[in-house]
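One-letter residues, chain by chain:
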Amino acid sequence: MGGALLNGWLKAGLSREIVVIEPNRGALADHAAVNWLADAAQIPAGFTPDAVVLAVKPQVMDSVLAAYTSLAGKSLFLSIAAGRTLASYTKILGKNAAIVRAMPNLPASIGMGASAGLANTQTSPAQRALAEKILGVVGDFAWVEDESLIDIVTALSGSGPAYVFMLVEAMAAAGEKLGLPPGLSMRLARQTVVGTGAFLQSAKHSTAELCDDMTRIKGTTEAGVNQLMADETFAKLIFKAIEAASKRSRELAQ
């Protein structure tokens, strides 16, 4: 996700001065506009960033944070790690640290992400605005005021792209099973999802109204939708997926 955000920032021209601490530089694209360092110990003396973006696995966060405690009270700490609570950061960084916990998603790499964030009380209005800029430049961003909602955001939009990928796979597999050539079936499934997403960007009606419009004539779409909605099967399956992902986010916090 850190790499996706970096690509989005660079494409949007947000590259005043970006320093990436990454021991395995080969894992990310080579960007001339980025200063790459293998270790936090290599950060130049006196360099105080406006924001420190924490884009590592939650299981290793404690060991990573230890190298940045001197910046607490000076820089904004923006975490995109699932399941890590504000309190877990304050425990290491101290009570004066300005912290924003957020969860972006993969489409941020092309400037079409969706994310929401929560700021602690030490975060100033200027730092909140900075967080909005950092995440807003790569997609839609919103604030929440209840930390428990971040777990749901993580499950819905953070993990959401994987659900869409699975939908494409299922649609393509169904088309192939019913007789379409494999390549054509996948091509149609992918473009249907891509095109529908683009259509939604400019649609003036709700998704429920759009669906009603497509099923009003009692034709093929209605037959398919009725099958998905039988006993609310589709809605229940999606709910269970988001519920399970949200539960896992809470487990990571433990």
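Residues numbered from 1 in each chain as written. Predicted model: local features only at pLDDT ≥ 70, side-chain atom pairs only at ≥ 80, totals over all residues. Heavy atoms only, no water.

> Looking at this structure, I do not really get the sheet that holds strand E6 (residues 113-119). What am I missing?
Each strand in a sheet pairs with its neighbour through backbone hydrogen bonds, running either in the same direction (parallel) or in the opposite one (antiparallel). Spatially, 5 strands are ordered E3-E4-E5-E6-E7 in an open sheet, and the strand pairing comes out mixed. In this open sheet, the two strands that pair with only one neighbour each are strand E3 (51-54) and strand E7 (139-143). Taken over all neighbouring pairs, the strand axes of this sheet differ in orientation by 25° on average, direction set aside. Here E3 runs beside strand E4 (residues 76-79); their pairing, made up of 4 bridges, is parallel. Residue Leu 54 lies in a different strand from E4, and its bridge partner there is Ser 79. Across the sheet, helix H3 (residues 86-93) lies against E3, E4, strand E5 (98-103) and E6, angled at about 145° from E5, the strand it touches most. (Pairing = 2+ DSSP bridges. Helix = DSSP H or I, 4+ residues; strand = E, 2+ residues; numbered from the N terminus. Axes fitted to C-alpha atoms, helices over the stretch in contact; angles between N-to-C directions. Contact = heavy atoms within 4.5 Å.)

> Can you help me understand the pattern of salt bridges in this one?
Opposite charge on two side chains permits them to pair, given that their charged atoms come into close proximity. One pass over the structure, following the stated rule, counts 7 salt bridges. Residue Arg 84 is joined to Asp 62 by a salt bridge in which the shortest nitrogen-to-oxygen separation is 2.6 Å. Of this pair, Arg 84 sits in the loop between E4 and H3 while Asp 62 sits in helix H2 (residues 61-65), and the two are 22 residues apart along the sequence. By relative accessible area, which is 42% here, Asp 62 ends up partly exposed. Several salt bridges share partner residues, and in doing so they unite Arg 101, Glu 147 and Asp 151 into one network. (Salt bridge = Lys/Arg side-chain N within 4 Å of Asp/Glu carboxyl O. Buried < 20%, exposed > 50% of the residue type's maximum accessible area, 1.4 Å probe, protein only.)

> I tried to follow the pairing of E4 on my own but got confused; where do I start?
Neither face of E4 is exposed, since Leu 76 and Leu 78 on one face and Phe 77 and Ser 79 on the opposite face are all buried. Taken together, the 4 bridges between E4 and E5 define a ladder with parallel strand orientation. Directly across from Ser 79, in E5, lies its bridge partner Arg 101.

> Is there a simple way to think about helix H10 (residues 233-252) in this case?
An α-helix turns once per 3.6 residues; consequently, residues spaced three or four apart project the same way. The terminal C-alpha atoms of H10 lie 29 Å apart, and with 20 residues this matches the ideal 28 Å at 1.5 Å per residue to within 8%. Those residues of H10 that fall on the buried side of the exposure criterion are Ile 242, Ala 245, Ser 246 and Ser 249. For H10, the angular spread of buried residues about the axis comes to 100°, placing them on one side. Exposed side chains of H10 directed beyond 90 degrees from the buried face belong to Leu 237 and Lys 240. The inward-facing, buried residues of H10 contact E5, helix H5 (148-158) and helix H6 (160-177). (Expected span 1.5 Å × (residues − 1). Arc of directions from axis to C-beta.)

> Would you explain the packing of aromatic side chains in this entry?
Two aromatic rings are characterised by how far apart their centres lie and by the angle between their planes. Tallying each qualifying case throughout the model produces 1 aromatic pair. Between Phe 141 and Trp 143 the ring centres are 5.0 Å apart and the planes differ by 80°, which places this aromatic pair in the edge-to-face class. It is Arg 84 that lies over the ring of Tyr 89; its NZ or CZ is 5.7 Å from the centre. The cationic tip of Arg 128 hangs over the ring face of Trp 143; the distance from NZ or CZ to the ring centre is 4.2 Å. (Phe/Tyr/Trp six-rings, centres within 6.5 Å; stacked < 30°, edge-to-face > 60°. Lys NZ or Arg CZ within 6 Å of the ring centre and 35° of its normal.)

Everything listed here is a matter of geometry and, on its own, says nothing about what the molecule does.
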